[in-house]
Amino acid sequence: MIRTQSTFNVILAAATLAGVVAISSHAYAGECPADQMRPDARTSGETAASGVSDNILGAIELNGVIQGLDGRALRLRKLVIQPGGVVPWHTHGDRPAIIMTVSGSITEYRSTCAVGIEHTAGDVTREYGNISHWWRNNGAVPTVLIAVDIKRDDMPPSEDHM
């Protein structure tokens, strides 16, 4: 079971993030160039996490809160990826997420894109559906990300990445 802070604080933080995303001039930047999109551009990537801290800032167990979402939790997390750090290959088939790059930059290697996608401060990335990917900080400074996702309670730690 995930530890939770007060529901109000989590909702406030999620609403704040949504507001920042709504007014950000960079919202949804860092997409794959149209001429580089391919259904199976990548089928695997780095498999070991390194240089990543992942702190849950708040979570809400959704059992009984939203019909059909029992066994799920809405989470707000802060990830810090050190230079050279890796968020390993993972999928978002049943775990939608929104990621905002707060500072630094990071390169995403997505299953549907033949080239790396650079995400810089202010960029927002939507992760859902048949997307699998991994990320690497190729820069010289730590990258800070804020992530909101809906996690399955039974998700193994090896699958619980961004």
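Conventions used here
- Residues numbered from 1 in each chain as written.
- Predicted model: local features only at pLDDT ≥ 70, side-chain atom pairs only at ≥ 80, totals over all residues.
- Heavy atoms only, no water.
- Buried < 20%, exposed > 50% of the residue type's maximum accessible area, 1.4 Å probe, protein only.
- Helix = DSSP H or I, 4+ residues; strand = E, 2+ residues; numbered from the N terminus.
- Pairing = 2+ DSSP bridges.
- pLDDT = per-residue confidence, 0-100.
- Contact = heavy atoms within 4.5 Å.
- Phe/Tyr/Trp six-rings, centres within 6.5 Å; stacked < 30°, edge-to-face > 60°.
- Disulfide = S-S within 2.5 Å.
- Salt bridge = Lys/Arg side-chain N within 4 Å of Asp/Glu carboxyl O.

1. Focus on the pairing of strand 8 (residues 143-152)
The buried fraction of strand 8 amounts to nine of the 10 residues, a majority that puts the element mostly inside the structure. Across 10 bridges, strand 2 (residues 72-91) lies against strand 8 in antiparallel orientation. Pairing of Lys78 across the sheet is with Ile146, part of strand 8. Across six bridges, strand 3 (residues 97-103) lies against strand 8 in antiparallel orientation. Within strand 8, the residue paired with Ile98 across the bridge is Val148.

2. Topic: the confidence of the model for the protein chain
Overall, the predicted model of the protein chain reaches an average pLDDT of 84, with 77% of residues at or above 70. Predicted confidence is poor over residues 19-27, with pLDDT under 50, and the contacts of this stretch with residues over four places away or in other chains come to 10 contacts.

3. Observations regarding the environment of His133
Relative to the helices and strands, His133 is located in strand 7 (residues 132-136). Measuring from C-alpha to C-alpha, the distance between His133 and Thr112 comes to 8.7 Å, with 21 residues separating the pair along the chain.

4. Overview of the packing of aromatic side chains
Scanning the entire structure with this criterion turns up one aromatic pair. Each ring, one from Tyr109 and one from Trp134, has its centre 4.4 Å from the other, and the planes form 20°; the classification is stacked. Separated by 25 residues along the polypeptide, Tyr109 in strand 4 (residues 105-110) and Trp134 in strand 7 bring together distant segments of the chain. Of the two residues examined, Tyr109 and Trp134, each falls in the buried class.

5. Describing the state of the cysteines
This structure, assessed with the given rule, holds one disulfide. In this model, Cys32 is linked to Cys113 through a disulfide, with the two sulfur atoms separated by 2.1 Å. Judged by the sign of its S-S torsion, about 85°, the cystine formed by Cys32 and Cys113 is right-handed. Of this pair, Cys32 sits in the loop between helix 1 (7-23) and strand 1 (50-61) while Cys113 sits in the loop between strand 4 and strand 5 (117-120), and the two are 81 residues apart along the sequence. A relative accessible area of 0% places Cys113 in the buried class.

6. What about the pattern of salt bridges?
Applying the stated rule across the entire model yields eight salt bridges. In this structure, the salt-bridge partner of Asp54 is Arg77, at a minimum N-O distance of 2.5 Å. Of the two residues, Asp54 sits in strand 1 while Arg77 sits in strand 2, which places them 23 residues apart along the sequence. Owing to a relative accessible area of 0%, Arg77 belongs among the buried residues under this scheme. Note that Arg110 is salt-bridged to Glu108, the shortest N-O span being 2.7 Å. Among the residues examined, Arg110 registers a relative accessible area of 9% and is labelled buried.

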